Amino acid sequence: MARKLENGRENLMIKAKEILISQGYDALNIKSLTSECNMGAGTFYGYFSKKDELVLQVMQKDWDCVSIQGNHFK
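Scope of this entry: the structure provided in the associated data block. Keep in mind that what you see is a predicted model, and the values were worked out from it rather than measured.

Reading guide: rules and limits
- Residues numbered from 1 in each chain as written.
- Predicted model: local features only at pLDDT ≥ 70, side-chain atom pairs only at ≥ 80, totals over all residues.
- Heavy atoms only, no water.
- Phe/Tyr/Trp six-rings, centres within 6.5 Å; stacked < 30°, edge-to-face > 60°.
- Buried < 20%, exposed > 50% of the residue type's maximum accessible area, 1.4 Å probe, protein only.
- Lys NZ or Arg CZ within 6 Å of the ring centre and 35° of its normal.
- Helix = DSSP H or I, 4+ residues; strand = E, 2+ residues; numbered from the N terminus.
- Expected span 1.5 Å × (residues − 1).
- Arc of directions from axis to C-beta.

Let us look at the packing of aromatic side chains. This structure, assessed with the given rule, holds two aromatic pairs. A ring pair is formed by F44 and F48, whose centres lie 5.4 Å apart and whose planes are at 35 degrees; its orientation type is tilted. The burial state of F44 is the same as that of F48; both residues are buried. Grouping aromatic residues by their ring pairs yields a cluster made of F44, Y45 and F48. Directly above the ring of Y25 sits K51, whose terminal nitrogen or CZ lies 3.9 Å from the centroid.

In structure tokens form, the structure reads like this:
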């Protein structure tokens, strides 16, 4: 079983967001992402089932921040 690291999920989401913004969806690669986060690819799957789930959660986190801070959608 893959081990879970302290802040591992958050680290993956932060780095994934950086890659998505700077290079786009196609550049987001699980092997490269986990390497940059100093974890094995297997650990990624302890947090997310696939790349698309990670991307959706990154987007959801940003959306939550916008909707809470701006409160524009009343």
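Looking now at helix 1 (residues 8–23). With 16 residues, helix 1 extends 22 Å from end C-alpha to end C-alpha; this agrees with the ideal 22 Å at 1.5 Å per step. Listed in full, the buried residues belonging to helix 1 are G8, L12, M13, A16 and I19. One side of helix 1 carries all its buried residues, which in axial view fall inside an arc of 130 degrees. Exposed and oriented more than 90 degrees from the buried face of helix 1 are I21 and S22. G24 sits one or two positions beyond helix 1 and adopts a positive phi of about 95 degrees.

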